[in-house]
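If you want the building blocks of each chain, they are given just below.
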Amino acid sequence: MLKQYQEAIEKSNIVSKTDVNGIITFVNDEFCKISGYSKEELLGKNHNIVRHPDVPAAAFKRLWKTIKAKNIYKATVKNRAKDGSTFYVNTTVIPILDTKGAIEEFIAIRYDVTKEVFYRESLEKKEQELAHLNKELEKRVEEKTKALKELNETLEKRVEEEIAKNEEKQKVMFWQSRFASLGAMIANIAHQWRQPLTELSLTLFSLKKAAQNSEYDEVEKLYSESKDIIKHMSNTIEDFSNFFKPDKQKHYFNLKESIQEALNILERVLNKDMIEVKTSYEDIEVLGIPNEFTQVIINLVKNSRDAFVENGVLIREIEIRMRREDGVAVVEVEDNAGGIKERDKYKIFEPYFTSKHTSQGTGLGLFMSKMICEKGLDGSLDVTSKKGRSNFIITIPLGKKDEK
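The model shown is predicted, which means the values in this text are computed figures rather than measured ones.

### Section: the overall build of the chain
A count of helices and strands for the chain gives ten helices and twelve strands. Within the chain, the fraction of its 404 residues that count as buried is 42%. Working note: accessible area of the chain is about 23,200 Å², and carbon and sulfur atoms make up 52% of it.

This is how it looks when you write it as structure tokens:
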């Protein structure tokens, strides 16, 4: 049995033994495989043959101090293979004592964590880049807010100047985002920003018209609406940044309130395009992040709006229904915008798939919506389509707080 135990450890781990001076006396096949050295090249050599030059000497001093004191040493160690490549191993070094208590040799048992380390470093780098991106975008939003205040003070002339500047800035921001290192993330943010930017443009146009007619109460109202849109855009950045953080905090929120917030954001565009939205609600609370769910509803309604326009539908209706059903909350967003082609129905949730012109979207909206429903809400997002109607179905588990 002892021999079987030894064989099991050697076949599933990276094992080596050294004498008290660190000279290698044994290596298993896994050690040779990961280091790129043969047994003949390793036996009789000092164990620092695989030492990576980036590792400080102080780390090895701690190692030797620990094991010479007859204690077990554990750490994740960066090593270098024969071909110069880097690999990481979780290492446990155990002193082996003779019958008199003296150290006879050292045995090291390791397992490969190279992928995990590289993945963690990649995530940390992306988090840093996202934090920088968030600060930059918040700064730009502050600049836009200041510009809007100036618009309100100088009225028509300032409105015309700032609209021209904003249009140019949006073009620059778009092309910069195409070459950013976080291309997928930026594309997602741009996808979610298109609707608020359209609404902001309409609001600014109305602001200009109200200013020309000296309707100061209307100017103040439109200015307030503009600030709400910019606040929503800023929250969009924060939502995407938080979406990839493992420690984001979830809490119970009311689905009806979140849906209504989405419809309020889209109200001006829905009215402009003569789209009627019918709702059927129940008071249901679920566990998650309300802003993320609001983004899902905005994306689904916006896709319906785009389909109405693209397909030339005259009578435009969207119906949003919500109910409890077998321990889950079911939210349906159904439209009569022409339906989804059978060949596309199974691809629409794939990243970067879109049936629209490239100027209308990246195809990331439905992919991210499905991710939010599955990862953020522990639910699902599916679609059915027949007789010129599309129905997106969101299911979310009911938490203990709302089980009835």
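### A few points about the pairing of strand E4 (residues 86-97)
Relative to E4, strand E3 (residues 73-80) is paired through eight bridges, and the arrangement is antiparallel. Residue pairing for E4: tyrosine 73 is matched across the bridge by valine 93. Linking two consecutive strands that pair antiparallel, namely E3 and E4, is a turn of five residues; a positive phi of about 90° is found at glycine 84 within it. Where E4 lies against strand E5 (residues 103-112), nine bridges are found, and the strand directions are antiparallel. Across the sheet, the residue bridging to isoleucine 96 is glutamate 105, located in E5. Between E4 and E5, which pair antiparallel and follow one another directly, the connecting turn spans five residues, one of which, glycine 101, has a positive phi of 90°.

### Here's the deal with the nonpolar core
In terms of nonpolar packing, the biggest core is built from 39 residues, with Leu255, Phe293, Ile297, Val331, Phe392 and Ile394 touching the most fellow members. Mapped onto this core, the elements with two or more residues apiece are helix H8 (255-272), helix H9 (290-311), strand E9 (316-325), strand E10 (328-335), helix H10 (364-376), strand E11 (380-386) and strand E12 (389-397). Excluding anything up to four places from it in sequence, isoleucine 297 contacts Ile259, Ala262, Val331, Val333 and Ile394. In this structure, Cys32, Leu42, Phe87 and Val89 belong to the second largest nonpolar core, which totals 13 residues.

### Quick notes on unusual backbone geometry
With the exception of glycine, the majority of residues adopt a negative phi angle, and the majority of peptide bonds are in the trans configuration. Phi angles above zero are rare outside glycine, and lysine 70 is one such case at about 70°. Note that lysine 70 resides in the loop between helix H4 (57-68) and E3. The backbone of aspartate 326 shows a phi angle near 55°, a positive value even though the residue is not glycine. By the secondary structure assignment, aspartate 326 is in the loop between E9 and E10. A relative accessible area of 77% means that aspartate 326 is categorised as exposed.

Calculation criteria
- Residues numbered from 1 in each chain as written.
- Predicted model: local features only at pLDDT ≥ 70, side-chain atom pairs only at ≥ 80, totals over all residues.
- Heavy atoms only, no water.
- Helix = DSSP H or I, 4+ residues; strand = E, 2+ residues; numbered from the N terminus.
- Buried < 20%, exposed > 50% of the residue type's maximum accessible area, 1.4 Å probe, protein only.
- Areas by Shrake-Rupley, 256 points an atom, 1.4 Å probe, with all protein chains shown as cover.
- Pairing = 2+ DSSP bridges.
- Core = buried A, V, L, I, M, F, W, Y, C linked by side-chain atoms within 4.5 Å.
- Contact = heavy atoms within 4.5 Å.

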